[in-house]
2 protein chains.
Amino acid sequence: MLNLGQVDRASDRAVYRQVADMLREKIQRGELEPGDRLPSESELAEHFNLTRMTIRHAIQDLKNEGLVISEHGRGVFVRAAPPVRRLAADRFARRHRQAGKAAFLAEAEQSGHMADVDRIEVGYMPATADVAHRLKVSEGARVVRRSRRYLANGRPVEQATSYVPADVAAGTAIEQLNTGPGGIYARMEEAGHTLSHFVEEVSARMPSPEERRSLDMSPGVPVITLVRTAYDTAERPLEVCDTVKVAHAYVLEYRVPAQ
Amino acid sequence: MLNLGQVDRASDRAVYRQVADMLREKIQRGELEPGDRLPSESELAEHFNLTRMTIRHAIQDLKNEGLVISEHGRGVFVRAAPPVRRLAADRFARRHRQAGKAAFLAEAEQSGHMADVDRIEVGYMPATADVAHRLKVSEGARVVRRSRRYLANGRPVEQATSYVPADVAAGTAIEQLNTGPGGIYARMEEAGHTLSHFVEEVSARMPSPEERRSLDMSPGVPVITLVRTAYDTAERPLEVCDTVKVAHAYVLEYRVPAQ
DNA sequence: AAGTGGTCTAGACCACGAG
DNA sequence: TCGTGGTCTAGACCACTTC
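These numbers come from a predicted model, not from an experiment.

A few words now on the pairing of strand S6 (residues 155–165) of chain B. Residues and elements named next belong to chain B. Burial analysis of S6 places 9 of its 11 residues in the buried class, the great majority of the element. Here strand S5 (residues 142–152) pairs with S6 via 10 bridges, running antiparallel. Counted as the bridge partner of Arg-149 is Gln-159 from S6. Between S5 and S6, which pair antiparallel and follow one another directly, the connecting turn spans 2 residues, one of which, Asn-153, has a positive phi of 50 degrees.

Neighbouring DNA strand C are 28 residues, the closest being Arg-52 and Arg-56 of chain A together with Val-15, Thr-54 and His-72 of chain B. Close to the protein, within 4 Å, the atoms of DNA strand C are drawn from sugar and phosphate at a rate of 69%. One of the backbone nitrogen or oxygen atoms of Gly-73 of chain A is found 3.2 Å away from a base nitrogen of DNA strand C. Within the side chain of His-72 of chain B, an N or O atom sits 2.9 Å from a base nitrogen of DNA strand C. Put simply, the parts of the chain that give the surface near DNA strand C at least two residues each are helix H3 (52–64), strand S1 (68–71) and strand S2 (75–78) of chain A together with helix H1 (15–29) and helix H3 (52–64) of chain B. Partitioning the surface near DNA strand C into residue classes produces 7 nonpolar, 10 polar and 11 charged.

Lining the immediate environment of DNA strand D, one finds 27 residues, of which Val-15, Thr-54 and His-72 of chain A together with Arg-52 and Arg-56 of chain B sit closest. Restricting the count to atoms of DNA strand D within 4 Å of the protein gives a sugar and phosphate share of 68%. Contact between DNA strand D and Arg-56 of chain B: a phosphate oxygen at 2.8 Å from a side-chain N or O atom of the residue. The backbone of Gly-73 of chain B places a nitrogen or oxygen atom 3.0 Å from a base nitrogen of DNA strand D. Looking at the surface near DNA strand D, the elements with two or more residues in it are helix H1 (15–29) and H3 of chain A together with H3, strand S1 (68–71) and strand S2 (75–78) of chain B. Considering only residue class, the surface near DNA strand D consists of 7 nonpolar, 10 polar and 10 charged.

Let us look at helix H2 (residues 41–48) of chain B. All names here are of chain B. Along H2, the residues that are buried comprise Glu-41, Leu-44, Ala-45 and Phe-48. All buried residues of H2 project into a common sector of 100 degrees when viewed along the axis, lining one side. Positive phi appears at Asn-49, one or two residues downstream of H2, with a value of about 60 degrees.

This model, assessed by the stated rule, comprises 34 salt bridges over all chains. Of the charged contacts in the structure, one is a salt bridge between Arg-24 of chain A and Asp-21 of chain A, with a shortest N-O distance of 2.8 Å. One end of the pair is Arg-24 of chain A and the other is Asp-21 of chain A, both in helix H1 and 3 residues apart, which spans about a single turn. Taking relative accessible area as the criterion, Arg-24 of chain A reaches 10% and is therefore assigned buried. Judged by relative accessible area, Asp-21 of chain A falls into the partly exposed class, the value being 24%. For Arg-134 of chain B, the salt bridge goes to Glu-201 of chain B, with nearest N and O atoms at 2.5 Å. Of this pair, Arg-134 of chain B sits in helix H6 (residues 129–135) while Glu-201 of chain B sits in strand S7 (residues 195–205), placing them 67 residues apart in sequence. Via salt bridges that share partners, Arg-13, Asp-21 and Arg-24 of chain A belong to a single interconnected network.

With that settled, the discussion passes to the packing of aromatic side chains. Tallied over the entire structure, the rule returns 3 aromatic pairs over all chains. The ring of Tyr-250 of chain A has Lys-245 of chain A lying over it, and the distance from NZ or CZ to the ring centre is 4.8 Å. Above the plane of the ring of Tyr-124 of chain B lies Arg-142 of chain B, whose end atom (NZ or CZ) is 4.1 Å from the centre.

Least-squares fitting of chain B to chain A yields an RMSD of 0.2 Å, with the transformation described by 0.2 Å of translation along the axis and a rotation of 180 degrees. The superposition of one copy onto the other is thereby described by a two-fold rotation axis. When the interface residues of chain B are mapped onto chain A, 100% of them are again interface residues, pointing to one common binding face.

Contact residues are listed per partner, giving 40 residues for chain B and 42 residues for chain A. Here chain B packs against chain A, burying approximately 3400 Å² in sum over the two surfaces, 55% of which is carbon and sulfur. Looking at the side of chain B facing chain A, the largest losses of area belong to Tyr-254, Val-256 and Ala-258 of chain B, adding up to 19% of the total buried there. Put simply, chain B and chain A have 0 salt bridges between them. Seen at the junction of chain B and chain A, the total is 12 residue pairs in polar contact (both at pLDDT 80 or more). Every element with two or more residues in the side of chain B that touches chain A is listed here: H3, helix H4 (94–98), S7 and strand S10 (250–257) of chain B. When residues in the side of chain B that touches chain A are grouped by element, the largest group, 11 residues, is from S7 of chain B.

All names here are of chain A. Position of Asp-232 relative to the elements: it lies in strand S8 (residues 223–232). Buried charge Asp-232 goes without a salt bridge, the closest partner of opposite sign being Arg-236 at 5.5 Å. Here the side chain of Asp-232 touches Ala-234 through a polar contact of 2.8 Å, landing on its backbone nitrogen. In this structure, Asp-232 is in contact with Thr-194, Leu-195, Ser-196 and Leu-238, ignoring residues within four places of it in sequence.

Definitions and cut-offs
Residues numbered from 1 in each chain as written. Chains lettered and ligands numbered in written order. Predicted model: local features only at pLDDT ≥ 70, side-chain atom pairs only at ≥ 80, totals over all residues. Heavy atoms only, no water. Buried < 20%, exposed > 50% of the residue type's maximum accessible area, 1.4 Å probe, protein only. Helix = DSSP H or I, 4+ residues; strand = E, 2+ residues; numbered from the N terminus. Pairing = 2+ DSSP bridges. Near = heavy atom within 4 Å. Polar contact = N/O pair within 3.5 Å; in protein donor to acceptor, adjacent residues only side chain to side chain. Nonpolar A, V, L, I, M, F, W, Y, C, P; charged D, E, K, R; others polar. Arc of directions from axis to C-beta. Salt bridge = Lys/Arg side-chain N within 4 Å of Asp/Glu carboxyl O. Phe/Tyr/Trp six-rings, centres within 6.5 Å; stacked < 30°, edge-to-face > 60°. Lys NZ or Arg CZ within 6 Å of the ring centre and 35° of its normal. Least-squares fit on C-alpha atoms with pLDDT ≥ 70 in both. Contact = heavy atoms within 4.5 Å. Buried area = accessible area lost by both parts, 1.4 Å probe. Lys, Arg positive; Asp, Glu negative; His and termini not counted.

Have a look at this one:
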């Protein structure tokens with residue numbers, strides 16, 4: 001078993017915090033490596049002369065920090081970091097589309113991960129207030145809704161939903177499940193729309209229970225939300241894409257001119 | 001008191017989850033507004049015929065989702081959202097520096113918040129491996145370290161630490177507590193460096209206990225980490241700035257060319 | 001079957017905040 | 001002083017995983 005010290009009952013610091021501190025230190029020093037199992041709650045309770053509830057309180061804190069995950073019937077494990085997907089500043093460069101690669105695949109290739117897409121759903125619906133505002137169409141206007149889930153090395157890392165005005169999508173593969181080489185942006189350019197730039201709005205928050213389930217996330221891990229709007233050269237919005245990403249799976253990179 | 005239902009003891013769903021569900025719904029429906037106090041743990045325990053520990057478990061979940069905060073001796077309150085600071089894509093435009101505004105103040109002006117900076121520390125130190133790599137200097141090279149905390153409407157929202165190579169900072173106000181109008185970027189340009197662009201790397205995670213303390217954050221709220229590197233026209237890094245932001249206080253906006 | 005974490009009880013004492 | 005949340009005990013039974 002681990003070489004753990006003892007708690008100081010006279011200390012001001014709550015004992016469950018002291019236990020969490022000791023375990024956190026073992027993890028951060030690397031004495032407990034990703035994938036390693038922590039001593040069981042009963043073992044820890046016995047070692048520290050505390051009840052299981054107090055030990056659980058300590059472990060709950062570590063779960064909330066994202067350091068460990070618990071698996072019912074198996075144990076508590078140091079969290080193994082998923083592959084970090086670095087989203088490069090040039091990921092929407094035209095040369096990638098022309099080479100027949102959709103953005104997600106272009107990224108995966110750069111970082112050497114295995115990429116998958118599943119749970120693709122496509123259909124028409126009336127625009128909600130928020131989507132309508134971003135697409136500069138009237139509320140309730142017909143839009144194509146495309147949602148899908150991305151996986152890296154078999155693990156879900158992102159849930160994305162795109163909205164495209166009906167007249168942009170009509171008669172193109174954007175209405176189909178499979179949008180063909182280069183993805184929907186390639187189809188838009190084929191249809192005569194020239195993409196000019198994207199605006200991305202990035203934030204972070206805790207996931208809703210549904211998002212946690214959909215992305216197979218352990219509790220206490222945040223998500224990055226990214227809303228991307230694609231504009232043509234006339235500043236017309238061609239697409240809004242709402243994404244929820246498992247936070248620790250991503251580093252987003254942007255290049256900002258000083259001008 | 002609130003019009004709360006009862007739990008279903010026969011349900012598969014744990015009763016503490018059912019309690020959390022009911023409270024969450026009240027909050028999301030707006031029946032409990034930001035700043036409102038929830039019924040006390042004892043009141044909830046009595047209402048639901050559960051022990052306080054079970055009620056606390058439900059409330060813990062809501063805290064982890066960032067929906068409520070607890071205050072010792074006062075109660076549990078629906079979290080009041082801090083002002084959201086939208087970081088615009090052009091926040092480092094030269095015209096802002098020339099107008100004598102540092103980036104943080106430029107943003108604050110745009111969004112109509114009161115901005116403050118405190119806990120400013122300046123000093124020389126040897127570059128760590130990570131900083132040295134980003135600044136393209138050798139590990140241990142002398143750099144100026146500038147750290148400070150930003151507040152919006154009096155609430156801490158960001159902790160930032162900048163590193164500047166010694167030869168860039170030497171003899172300028174970058175070595176001083178007060179860097180003067182336009183901030184360190186203005187001083188760099190005065191000293192003959194021409195800023196070309198910035199690269200920002202964005203991610204999100206749960207804060208460490210120290211970060212939580214420093215930013216006065218309630219438990220269960222994530223942070224956005226942003227590392228910005230400033231380059232001159234010769235692609236030389238002039239500054240690395242490591243920031244930790246309270247996640248729900250920020251929306252970062254970027255403009256990405258389609259090439 | 002044995003060991004693990006998940007849930008829940010029924011108490012206790014403490015520290016903090018407001019009146 | 002009183003009500004609030006914070007901590008902790010000493011159990012119990014359950015669900016899940018592994019063997």
